[in-house]
Amino acid sequence: MAENEYRLSFERPVYELRDRLAKLEGKLDQTPEVRNEIRALRRELVAETKRIYENLSPWETVEVARHPNRPMTVDYLQTVFEEFVELHGDRLFGDDRAIRTGWAKLDAFKVMVVGHQKGKTLKERGECNYGFAHPEGYRKAMLKMKLAAKFHIPVVCLIDTGGAYPGIGAEERGQAMAIAQSMFEMSRLPTPIICVVIGEGGSGGALGIGVGDRVAMLQHAYYSVISPEGCAGILWKSHTFKQRAAVALKMTSKDLLRLGVVDDVIPEPLGGAHSDPNLMAGRLKTYLRTKLRELSGVPIDRLVAERYQKFRKMGVFFEGAPPDVGEQTLAPHLPPVAEKQSQAVS
């Protein structure tokens, strides 16, 4: 096992095959039988990796999304974009390193990039607060997005956070208000916005920069109203139920595409984005280039109106009396239904 190699528990069969393959390939005197075995092992390795990653459970998807070697915003700034010029500060409190903003180029397009950054080394993670942004981070993002709109420059948001920072200082500085204002401003920003969940998409921290004309996610990312651990802690009073919570939250790309929460899913390389960061960067770049070209031809007033309706149409509800479910009713303690009542359906 390499010094910096991080192995997920469900990948054990893959690494066993890799270890066997490495031993055979390391032999100096490779007979025809050994070469045949090497070819067979390579085919088996590809098939096993494909089998595992096509059948990930929701919790295993969370583990992949949190992989420490998974490409982050700063990686994509180097591989997808060119000429990145970082912009700092919210003109009110400070510069939150959990959110990076700046001008960049993507082929012929000039864009404003806004993205979460978790950090790679222990020192950088401390500076970035592990990607948990403070109010000044969202205010910085708002200012830079408005600046982009002023010059008719599209905005690209890369989402990768477990949530907004819930500390006392963040609450005192207006965390909830900053996120709400950011969502409101993005809903009416007169310029194209593309949002991509590249890893974790947790709670309001993700939504704070997640209102766009096109919202996509990488295949093994997750996007949810709360983390599985947080959900388990609330519903079952124990984090040991995190796997059950992950299933209930419908947080994977397959579920969210089916439910209409995201518009597109960007396929990841075999074995996840961390297995081939350059290939993943190429696919992300192709997606962004295609959507920028598509959105650039839409009149701004139509773009803003469609963005608003896109989020208004999410979800399903019944109007009137709920169906008769007998003893299995979800809320037996509620009073009789009034003439007109809406009930949300998950």
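Some words on the pattern of salt bridges
- If you walk through the whole model with that rule in mind, you get 26 salt bridges.
- In this structure, the salt-bridge partner of Arg-7 is Asp-19, at a minimum N-O distance of 3.6 Å. In this pair, Arg-7 is assigned in the segment before α1 (12–25) and Asp-19 in helix α1, connecting sequence segments 12 residues apart.
- Residues Asp-255 and Arg-258 are paired through a salt bridge, measuring 3.3 Å at the closest nitrogen-oxygen approach. Residue Asp-255 and its partner Arg-258 are located together in helix α12 (residues 253–259), separated by 3 residues, close to a single helical turn.
- Among the charged side chains, a network of salt bridges with common partners joins Arg-66, Lys-118, Asp-160, Glu-200 and Glu-229.

Focus: the pairing of strand β3 (residues 109–116)
- Burial of β3 is extensive: 7 of the 8 residues sit out of reach of the surface.
- Pairing analysis gives 8 bridges linking strand β2 (residues 99–106) to β3, with the strands arranged antiparallel. Bridge assignment links Gly-102 to a residue of β3, and that residue is Val-113.

Some remarks on the packing of helix α6 (residues 135–150) against helix α8 (residues 175–187)
- Look at α6 against α8: their axes get within 8 Å of each other, and the N-to-C directions meet at 20 degrees. Classified by the interaxial angle, the pair formed by α6 and α8 is roughly parallel. By crossing handedness, the relation of α6 to α8 is classed as left-handed. Contacts between α6 and α8 pair Pro-135, Tyr-138, Arg-139, Met-142, Met-145 and Lys-146 from the former with Gln-175, Ala-178, Ile-179, Gln-181, Ser-182, Glu-185 and Met-186 from the latter.
- Its residues placed into classes, the contact of α6 with α8 shows 7 nonpolar, 3 polar and 3 charged.

Observations concerning the confidence of the model for the chain
- The share of residues in the chain with pLDDT of 70 or more is 92%, and the mean pLDDT across the chain is 88.
- Confidence drops under pLDDT 50 across residues 327–346; counting only partners more than four residues distant or on other chains, this segment forms 17 contacts.

Some words on the packing of α1 against helix α2 (residues 32–54)
- Two elements in contact, α1 and α2, have axes whose closest approach is 9 Å; the angle formed by their N-to-C orientations is 160 degrees. Put simply, α1 runs roughly antiparallel to α2. Here α1 runs over α2; the crossing is left-handed. Facing α1, whose interface residues are Pro-13, Val-14, Leu-17, Arg-18, Arg-20, Leu-21, Leu-24 and Glu-25, α2 presents Val-34, Glu-37, Ile-38, Leu-41, Arg-42, Glu-44, Leu-45, Glu-48, Thr-49 and Ile-52.

Conventions we followed
- Residues numbered from 1 in each chain as written.
- Predicted model: local features only at pLDDT ≥ 70, side-chain atom pairs only at ≥ 80, totals over all residues.
- Heavy atoms only, no water.
- Salt bridge = Lys/Arg side-chain N within 4 Å of Asp/Glu carboxyl O.
- Helix = DSSP H or I, 4+ residues; strand = E, 2+ residues; numbered from the N terminus.
- Buried < 20%, exposed > 50% of the residue type's maximum accessible area, 1.4 Å probe, protein only.
- Pairing = 2+ DSSP bridges.
- Axes fitted to C-alpha atoms, helices over the stretch in contact; angles between N-to-C directions.
- Parallel < 35°, antiparallel > 145°, perpendicular 65-115°, else oblique.
- Left-handed = near helix turned anticlockwise from the far one by under 90°.
- Contact = heavy atoms within 4.5 Å.
- Nonpolar A, V, L, I, M, F, W, Y, C, P; charged D, E, K, R; others polar.
- pLDDT = per-residue confidence, 0-100.

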